[in-house]
Amino acid sequence: MEFYLFGLIILFFGGYLIFQYFLGIIIDKKIIVKPIIQIKRLKICYECEHIRLKNTLYQRCVICGCFLKPKTKLINQKCPIGKWNVHK
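**Student:** I'm lost on the overall build of the chain in this one. Help?
**Tutor:** When you go through the chain residue by residue, the secondary structure sums to 3 helices and 2 strands. A sequence separation of at least 24 residues applies to 46% of the contacts in the chain between residues at least 6 apart. When the accessible area of the chain is evaluated, it comes to approximately 7000 Å², of which 69% is carbon and sulfur surface.

**Student:** Where do I start with the packing of aromatic side chains in this structure?
**Tutor:** The description of an aromatic ring pair rests on the distance of the ring centres and on the angle between the ring planes. As enumerated under the stated definition, the model contains 0 aromatic pairs in all. Against the face of Phe 67 rests Arg 60, its NZ or CZ located 4.4 Å from the ring centre.

**Student:** Mind showing me how you'd approach the nonpolar core here?
**Tutor:** What tends to happen in soluble globular proteins is that the nonpolar side chains get buried as a cluster. Counting residues in hydrophobic clusters, the biggest one holds 7 residues: Leu 42, Cys 45, Ile 51, Cys 61, Leu 68, Cys 79 and Trp 84. Setting aside residues up to four positions removed in sequence, Leu 68 forms contacts with Leu 42, Cys 45, Tyr 46, Ile 51, Gln 59, Arg 60 and Cys 61.

**Student:** How do you make sense of a nonpolar patch on the surface when you look at a structure like this?
**Tutor:** On the surface, a cluster of nonpolar side chains totalling about 450 Å² of accessible area is made up of Leu 53, Leu 57, Tyr 58 and Phe 67. With respect to the secondary-structure elements, Phe 67 resides in the loop between β2 (60-61) and α3 (68-73). The partly exposed category is assigned to Phe 67, whose relative accessible area is 39%.

**Student:** Please clarify how the environment of Lys 34 should be interpreted in this entry.
**Tutor:** With respect to the secondary-structure elements, Lys 34 resides in the loop between α1 (2-28) and α2 (35-46). Sequence separation between Lys 34 and Lys 73 is 39 residues; the distance between their C-alpha atoms is 8.0 Å.

**Student:** Any chance you could explain the side chain of Lys 71 here in plain terms?
**Tutor:** By the secondary structure assignment, Lys 71 is in helix α3. Salt bridges are absent for the buried Lys 71, whose nearest opposite-charge side chain, Glu 49, sits at 15 Å. Excluding its chain neighbours within four sequence positions, the residues that come into contact with Lys 71 are Arg 41, Cys 64, Cys 66, Gln 77, Lys 78, Pro 80 and Trp 84.

**Student:** Where do I start with the side chain of Arg 41 in this structure?
**Tutor:** Structurally, Arg 41 can be placed in helix α2. Residue classification places Arg 41 among the buried positions, given a relative accessible area of 3%. Side-chain polar atoms of Arg 41 contact the backbone oxygen of Thr 72, separated by 3.1 Å. A distance of 2.9 Å separates a polar atom in the side chain of Arg 41 from the backbone oxygen of Leu 74.

Thresholds applied
- Residues numbered from 1 in each chain as written.
- Predicted model: local features only at pLDDT ≥ 70, side-chain atom pairs only at ≥ 80, totals over all residues.
- Heavy atoms only, no water.
- Helix = DSSP H or I, 4+ residues; strand = E, 2+ residues; numbered from the N terminus.
- Contact = heavy atoms within 4.5 Å.
- Areas by Shrake-Rupley, 256 points an atom, 1.4 Å probe, with all protein chains shown as cover.
- Phe/Tyr/Trp six-rings, centres within 6.5 Å; stacked < 30°, edge-to-face > 60°.
- Lys NZ or Arg CZ within 6 Å of the ring centre and 35° of its normal.
- Core = buried A, V, L, I, M, F, W, Y, C linked by side-chain atoms within 4.5 Å.
- Buried < 20%, exposed > 50% of the residue type's maximum accessible area, 1.4 Å probe, protein only.
- Patch = residues over 30% accessible without salt bridge, like charges linked within 9 Å, V, L, I, M, F, W, Y side chains within 5 Å.
- Salt bridge = Lys/Arg side-chain N within 4 Å of Asp/Glu carboxyl O.
- Lys, Arg positive; Asp, Glu negative; His and termini not counted.
- Polar contact = N/O pair within 3.5 Å; in protein donor to acceptor, adjacent residues only side chain to side chain.

What follows is the structure in structure tokens.
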């Protein structure tokens, strides 16, 4: 029973994050940052201690669970521990 409730909480939280992200896209219309900004973000991520699978194509943040390359490319994303913010 606890796993079921835990799964529902994760499902609702994930749905909220997806809704928040798409709302940001609808309001702003731009979704991808310039390549130089993505490179700066990736450099910051590669130096971080919270990166998993560092030597593969599938680097992930341990804190938020996101894949680094897509996350650093999107304009409305930010680092979960505040190392880089949303680009405006």
